[in-house]
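# Notes for the structure review
Single-letter residue listing:
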Amino acid sequence: MKCSTRMMVASLALVSLAAHAEVSVKDAWIRATVAQQKSTGAFMLLQSSNDVQIVDIQTSVAGVAEIHEMKMDNNIMKMRPAPQLTLPAGKVVELKPGGYHVMLMDLKTQIKEGDTVLMTLTVEGKDKKREVIEIKAKARALNGAQGKM
């Protein structure tokens, strides 16, 4: 009985691990700000082993952190909050200037080039289980360039 109980616990642990998404984050960066600036953007490359959605983002440097989307609408570039962002299994999703990005508003301090900003992304799978991913984004100058995954 003891042995089968251990095997059952081990099997459940493996099933639990398989259900978790493995989300990789590469080249996370945030746009440096000037004094008195109250918002900025953060950018990165994301890839998940399972279909998940980003459902929340937090950081201590801003009062508000949201995923935003920029797109053309009647020849006018518009930016809107996105309630969630889907990360399809195996596909790279690029958060970049002019597209999906993290918008940080109500900044509590100036973000200077070279600073490291900590953020957490909460992702949710189809099974409604959530996982929190910690991100360290390095502040770059206004024209900071991104790498590729």
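Quick look at the structure, then. The structure presented is a predicted model; accordingly, all values stated were derived computationally and were not measured. (Residues numbered from 1 in each chain as written. Predicted model: local features only at pLDDT ≥ 70, side-chain atom pairs only at ≥ 80, totals over all residues. Heavy atoms only, no water.)

### Focus on the pairing of strand β3 (residues 52-58)
- Pairing between β3 and strand β6 (residues 85-87): three bridges, direction antiparallel. Following the sheet pairing, Gln53 is matched in β6 by Thr86.
- Judged from the six bridges that link them, β3 and strand β9 (residues 116-125) form a sheet pairing that is antiparallel. When the bridges of β9 are listed, Ile57 appears paired with Leu121. (Pairing = 2+ DSSP bridges. Helix = DSSP H or I, 4+ residues; strand = E, 2+ residues; numbered from the N terminus.)

### Here we look at the packing of aromatic side chains
- Going through the model one piece at a time under the given rule, you end up with one aromatic pair.
- When the ring of Trp29 is compared with that of Phe43, the centres are 4.7 Å apart and the planes differ by 40°; the resulting orientation is tilted. Within this pair, whereas Trp29 is found in strand β1 (residues 23-31), its partner Phe43 is found in strand β2 (residues 39-48), the two being separated by 14 residues in sequence.
- The class of Trp29 is buried, set by a relative accessible area of 1%. (Phe/Tyr/Trp six-rings, centres within 6.5 Å; stacked < 30°, edge-to-face > 60°. Buried < 20%, exposed > 50% of the residue type's maximum accessible area, 1.4 Å probe, protein only.)

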